[in-house]
Amino acid sequence: PTINNLNSLAYGNGVYVAAGSGGVVCTSTDATTWFTRTPFIGGSGGNPISFGNGLFVGVSSSGYIATSTDGLGWQAQSSGSTSNLLGSVYGTAYIVGGTGGLIESSTNAITWTARTSNTASQVNSLTYGTVHLYGTNGGGLGTSTDGTTWTARTSNTASNILALTYGTVYVY
């Protein structure tokens with residue numbers, strides 16, 4: 001339904017939402033039939049999207065954050081940052097990450113607070129399993145149990161960590 005790259009997928013409230021470059025959003029209730037929707041926000045980034053606690057959270061360049069309950073109507077939120085946002089996740093709180101080691105957290109996805117990430121590297125990816133985890137350029141990792149206090153960790157790679165997931169273990 002779109003010529004834009006779709007880089008992120010989330011499911012919640014009975015709907016799949018795919019997001020990609022240029023702020024494009026596609027939705028489906030069955031993961032078979034998809035509809036292109038009005039872009040949630042501008043920007044040139046990959047527009048990561050996540051779902052948690054009843055809300056989709058989409059992020060983009062220049063600190064843009066938008067929220068939606070259904071993937072159709074989006075409300076702009078203020079991150080208080082102009083950094084490019086490259087990751088979004090929900091665990092014990094909503095977390096976004098981006099350039100310059102930016103990590104912000106929110107309990108409601110409306111009011112965002114900058115946190116000390118203990119890295120200056122670009123935060124490319126976020127996930128949640130038993131703890132929040134970020135991955136950075138240069139192979140950096142960081143963990144947090146509450147989304148507020150972060151500890152830098154080492155990995156066995158110097159490569160950029162562009163994607164993370166959690167099953168029974170964390171994988172990058």
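About the criteria used
- Residues numbered from 1 in each chain as written.
- Predicted model: local features only at pLDDT ≥ 70, side-chain atom pairs only at ≥ 80, totals over all residues.
- Heavy atoms only, no water.
- Helix = DSSP H or I, 4+ residues; strand = E, 2+ residues; numbered from the N terminus.
- Rg over C-alpha atoms; globule rule 2.2 N^0.38 Å.
- Buried < 20%, exposed > 50% of the residue type's maximum accessible area, 1.4 Å probe, protein only.
- Contact = heavy atoms within 4.5 Å.
- Pairing = 2+ DSSP bridges.
- Axes fitted to C-alpha atoms, helices over the stretch in contact; angles between N-to-C directions.
- Polar contact = N/O pair within 3.5 Å; in protein donor to acceptor, adjacent residues only side chain to side chain.

1. Overview of the overall build of the chain
In terms of helices and strands, the chain carries zero helices and 18 strands. Against the compact-globule benchmark of 16 Å for 172 residues, the chain has a radius of gyration of 15 Å, which places it among compact chains. Projected onto its principal axes, the C-alpha positions of the chain cover 40 × 30 × 25 Å. For the chain, the proportion of its 172 residues judged to be buried stands at 47%. A sequence separation of at least 24 residues applies to 35% of the contacts in the chain between residues at least 6 apart.

2. Some points on the pairing of strand β9 (residues 85-90)
Successive side chains on a regular strand alternate, one facing one side of the sheet and the next facing the other. Relative to strand β10 (residues 94-98), β9 is paired through five bridges, and the arrangement is antiparallel. Opposite tyrosine 90, over in β10, you have tyrosine 94 as the bridge partner. Counted along the chain from β9 to the antiparallel partner β10, the turn is three residues long.

3. Quick notes on unusual backbone geometry
A positive phi is found at alanine 31, a non-glycine position, where the angle reads about 65 degrees. By the secondary structure assignment, alanine 31 is in the loop between β3 (25-28) and β4 (35-37). The backbone phi angle of asparagine 118 is positive, close to 65 degrees, even though this residue is not glycine. On the secondary structure map, asparagine 118 appears in the loop between β12 (113-115) and β13 (123-128).

4. Observations regarding the sheet that holds β3
In a beta sheet, neighbouring strands are held together by backbone hydrogen bonds and run either parallel or antiparallel to one another. The antiparallel open sheet is built from four strands, whose spatial order is β1-β2-β3-β4. Edge positions in the open sheet fall to β1 (6-12) and β4, since each of these has one partner strand only. Recorded for the sheet is a direction-independent mean angle of 25 degrees between the axes of neighbouring strands. Of the pairings in the sheet, the one linking strand β2 (residues 15-20) to β3 comprises four bridges and is antiparallel in character. The residue of β3 that forms the bridge with alanine 18 is cysteine 26.

5. Examining the sheet that holds strand β14 (residues 132-136)
Judged by pairing direction, the sheet is antiparallel, and its four strands sit side by side in the order β13-β14-β15-β16 without closing on themselves. Of all strands in the sheet, those bounded by a partner on one side alone are β13 and β16 (151-153). With direction set aside, neighbouring strand axes in the sheet form an average angle of 25 degrees. The pairing of β13 with β14 spans five bridges and is classified as antiparallel. Within β14, the residue paired with serine 125 across the bridge is glycine 135.

6. A look at the environment of serine 106
Of note, serine 106 is situated in strand β11 (residues 103-106). Along the backbone, serine 106 and alanine 93 are 13 residues apart, and their C-alpha atoms lie at a distance of 5.9 Å. Residues contacting serine 106, with those up to four places away along its chain left out, are Ala93, Tyr94, Thr111 and Trp112. Of the polar contacts made by the side chain of serine 106, one reaches the backbone nitrogen of alanine 109; its length is 2.7 Å.

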